[in-house]
Amino acid sequence: MATKSFQKLRVYKLSERLADEIWTTVNTWEPFAKNTIGQQIVRSADSVGANIAEGVGRGSYFDNKRFVKIARGSLYETQHWLRRAYTRNLLTVEQVNLFTAVINDLAPQVNSYLQSIGSSPKDREQ
């Protein structure tokens, strides 16, 4: 398993950026929106980085891959909540463009990271 700490991974840094941007945005919403869609979107966005970190900490290639797949699912869930928030007039076009740019960078990074994990040290040599 890679000895590189998860905090240095580009995919993790991008997940933090997305989560922090969403937090900043949701924090300005009215209480009803914040307590419904807001909580969901913050949780799903935070879950992306949390699962990347947990996968690294599990100590096996199998577990790491499993948690990166969960992170990918959380990213898709975040996209769902962003669509709902925009449809309900909680996000501006500028905010959507910012989130879209980060997601368009992050999504392929998650997939690349998943492919890079392998299943054993020998997989990396092939």
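Reading guide: rules and limits
Residues numbered from 1 in each chain as written. Predicted model: local features only at pLDDT ≥ 70, side-chain atom pairs only at ≥ 80, totals over all residues. Heavy atoms only, no water. Helix = DSSP H or I, 4+ residues; strand = E, 2+ residues; numbered from the N terminus. Buried < 20%, exposed > 50% of the residue type's maximum accessible area, 1.4 Å probe, protein only. Contact = heavy atoms within 4.5 Å. Lys, Arg positive; Asp, Glu negative; His and termini not counted. Charge placed at Lys NZ, Arg CZ, Asp CG, Glu CD. Salt bridge = Lys/Arg side-chain N within 4 Å of Asp/Glu carboxyl O. Expected span 1.5 Å × (residues − 1). 1 Å grid on protein atoms, 1.4 Å probe; cavity = no way out; pocket = protein on both sides within 12 Å on 5 of 7 lines; lining within 4 Å. Points joined across faces, edges and corners; volume = space filled by probe spheres on them. Nonpolar A, V, L, I, M, F, W, Y, C, P; charged D, E, K, R; others polar. Phe/Tyr/Trp six-rings, centres within 6.5 Å; stacked < 30°, edge-to-face > 60°.

Chemist: Outline the overall build of the protein chain, supporting the account with residue identities and numerical values.
Modeler: Along the backbone of the protein chain there are 5 helices and 0 strands. Secondary structure of the protein chain in N-to-C order comes out as α-α-α-α-α. Based on the C-alpha atoms only, the size of the protein chain along its principal axes is roughly 50 × 25 × 20 Å. Counting the 126 residues in the protein chain, one finds 38% classified as buried. By sequence separation, contacts in the protein chain at least 24 residues apart represent 73% of the contacts at least 6 residues apart. Both charge centroids of the protein chain, one from 17 positive and one from 12 negative side chains, sit 5 Å from each other.

Chemist: Quick rundown of the environment of Leu 9? Include the residues and the values.
Modeler: The residue Leu 9 is located in the segment before α1 (10–26) in this model. Judged by its relative accessible area of 11%, Leu 9 falls in the buried class. Considering only alpha carbons, one finds Leu 9 and Ala 53, 44 residues apart in sequence, at a separation of 9.8 Å.

Chemist: Run through the pattern of salt bridges, naming residues and quoting values.
Modeler: Overall, the coordinates contain 3 salt bridges when judged by the stated rule. Arg 66 is paired through a salt bridge with Asp 63; the nearest N and O atoms lie 3.9 Å apart. Placement of both Arg 66 and Asp 63 in helix α3 (residues 61–87) is noted, with a separation of 3 residues, approximately one turn of the helix.

Chemist: Which residues make up α3, and what are the values?
Modeler: Taking 1.5 Å as the rise per residue, α3 with 27 residues should run 39 Å; its terminal C-alpha atoms sit 39 Å apart, in good agreement. Considered for burial, the residues of α3 that qualify are Tyr 61, Asp 63, Asn 64, Phe 67, Val 68, Ala 71, Ser 74, Leu 75, Thr 78, Trp 81, Leu 82 and Ala 85. Just past α3, the residue Asn 89 takes up positive phi, approximately 60°.

Chemist: Requested: an account of the environment of Arg 72, with residues and values cited.
Modeler: By the secondary structure assignment, Arg 72 is in helix α3. As a C-alpha pair, Arg 72 and Ile 52 span 20 residues in sequence and 9.3 Å in three-dimensional space. Among all residues touching Arg 72, those that are not within four sequence positions of it are Val 110, Asn 111 and Leu 114.

Chemist: Tell me about the layout of surface pockets, and name the residues and values.
Modeler: As a volume, the largest pocket reaches approximately 160 Å³. Taken together, Gln 79, Leu 82, Arg 83, Tyr 86, Thr 87, Leu 91, Val 96, Phe 99, Thr 100, Ile 103 and Asn 104 make up the lining of the largest pocket. Looking at the lining of the largest pocket, the elements with two or more residues in it are α3 and α4 (93–117). In terms of residue class, the lining of the largest pocket is built from 6 nonpolar, 4 polar and 1 charged.

Chemist: Any chance you could break down the packing of aromatic side chains for me, citing the residues and the numbers?
Modeler: On inspection of all chains with the given rule, the structure shows 1 aromatic pair. Between Phe 6 and Tyr 12, the ring centres sit 4.9 Å apart and the planes meet at 85°, which makes this aromatic pair edge-to-face. On the basis of relative accessibility, which here comes to 13%, the residue Tyr 12 falls in the buried class.

None of the figures reported here should be taken as evidence of function without further support.
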